[in-house]
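Structural overview
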Amino acid sequence: SVLFFMIAISTCQAQFFDDFSDGNLGINPEWKGDLQDFIINENESLQLNSSGEGPSFLYTEISLSDSISWDFEILLDFNPSGFNKIRIYLALDTLDVSLANGYFIEVGESGSEDVFRFYKLENGDSDILVSGFESLANQPAYCQFKINYFQDGSWEINTKYDQNNPLITEQIIFE
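Note that the structure is a prediction, hence the values are computed from the model and not measured.

**What about the overall build of the protein chain?**
Of regular secondary structure, the protein chain possesses zero helices and 13 strands. Rg of the C-alpha trace for the protein chain: 15 Å, near the compact-globule value of 16 Å for 175 residues, within the 12% margin. Seen through its C-alpha atoms, the protein chain measures out along the principal axes to roughly 40 × 35 × 35 Å. The buried share of the protein chain, taken over its 175 residues, is 41%. Summing over all exposed atoms, the protein chain offers an accessible surface of approximately 9500 Å²; the carbon and sulfur share of this is 46%. Here the protein chain carries 7 positive and 29 negative side-chain charges, and the mean point of each set is 4 Å from the other.

Structure below.
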């Protein structure tokens, strides 16, 4: 299974926050896509709950400002791979990823490296901007991300691979 989690750019909201504590994907904010493939588990976390193969999509629309921050955790109870991975689109200008411009994080690849990769999409073509330092090829594969985008076009990727450690600035990207 491949999980695609998207946040699409639009002008519908000025701020976005969802900790899933309301247990509802349909309101506040409204998530769209393959809702039947996801649940909010007893820990109030979003969880893929699909028994089938193939991608599952979940997205919501936000309005990007000059500076924005994304804060999320990934917890996979399997070793990620090229066929079993997660891709989180931080921003897209269209839901058709074959034509989209935007940015995404991906975890899962062939081999044992399995670091996160941060990509830029231009007209549907992706280029790796940076890769993480630490492998996620273990069970469970865990990483918390805090990704900041600044008005000057720079990105800061903060990570922690152990829930007991503080976030560290792992990558800074200037475009």
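From this point, things continue past the structure.
**Some details on the pairing of strand β12 (residues 154-160)**
Most of β12 is tucked away, with six of its seven residues classed as buried. Where strand β11 (residues 141-149) lies against β12, six bridges are found, and the strand directions are antiparallel. Counterpart to Phe145 in the pairing with β12 is Thr159. Here β11 folds back onto β12, and the loop between the two strands holds four residues, one of which, Gly153, carries a positive phi near 90 degrees. The sheet contact formed by β12 and strand β13 (residues 168-174) spans six bridges and is antiparallel. The residue bridging Thr159 from the neighbouring strand is Ile168, located in β13.

**Points about the pattern of salt bridges**
If you walk through the whole model with that rule in mind, you get three salt bridges. The partner of Lys32 in a salt bridge is Glu61, and the shortest N-O contact between them spans 3.7 Å. Placement of Lys32 in strand β2 (residues 32-33) and of Glu61 in strand β5 (residues 55-62) is noted, with a sequence separation of 29 residues between them. Taking relative accessible area as the criterion, Glu61 reaches 27% and is therefore assigned partly exposed. Taken together, the salt bridges that share partners define one network made up of Lys85, Arg87 and Glu106.

**Thoughts on the nonpolar core**
Counting residues in each nonpolar core, the largest one holds 24 residues, and the members touching the most others are Leu90, Phe118, Phe145 and Ile147. Elements with a contribution of two residues or more to this core: β6 (68-76), β7 (86-92), β8 (102-107), β9 (116-122), β11 and β12. Per-element tally for this core: the top contributor is β6, with five residues. Discounting residues that sit within four places of it in the chain, Phe118 has contacts with Leu90, Tyr103, Phe104, Ile105, Asp127, Ile128, Leu129, Val130, Trp155, Ile157 and Ile173. Membership of the second largest hydrophobic core comes to six residues, among which are Tyr89, Leu92, Tyr119 and Leu121.

**Points about the environment of Gln151**
As for its position among the elements, Gln151 is in the loop between β11 and β12. Residues Gln151 and Ile68, 83 residues apart in the sequence, show an inter-C-alpha distance of 8.7 Å. Setting aside anything within four residues of it in sequence, one finds Gln151 in contact with Asp66 and Ser67.

**A closer look at the sheet that holds β12**
One open sheet holds the four strands; their spatial order is β6-β11-β12-β13, and the pairing between them is antiparallel. Because the sheet does not close on itself, it has two edges, and the strands there are β6 and β13. With direction set aside, neighbouring strand axes in the sheet form an average angle of 20 degrees. Where β6 lies against β11, nine bridges are found, and the strand directions are antiparallel. When the bridges of β11 are listed, Trp70 appears paired with Ile147.

Criteria and cut-off values
- Residues numbered from 1 in each chain as written.
- Predicted model: local features only at pLDDT ≥ 70, side-chain atom pairs only at ≥ 80, totals over all residues.
- Heavy atoms only, no water.
- Helix = DSSP H or I, 4+ residues; strand = E, 2+ residues; numbered from the N terminus.
- Rg over C-alpha atoms; globule rule 2.2 N^0.38 Å.
- Buried < 20%, exposed > 50% of the residue type's maximum accessible area, 1.4 Å probe, protein only.
- Areas by Shrake-Rupley, 256 points an atom, 1.4 Å probe, with all protein chains shown as cover.
- Lys, Arg positive; Asp, Glu negative; His and termini not counted.
- Charge placed at Lys NZ, Arg CZ, Asp CG, Glu CD.
- Pairing = 2+ DSSP bridges.
- Salt bridge = Lys/Arg side-chain N within 4 Å of Asp/Glu carboxyl O.
- Core = buried A, V, L, I, M, F, W, Y, C linked by side-chain atoms within 4.5 Å.
- Contact = heavy atoms within 4.5 Å.
- Axes fitted to C-alpha atoms, helices over the stretch in contact; angles between N-to-C directions.

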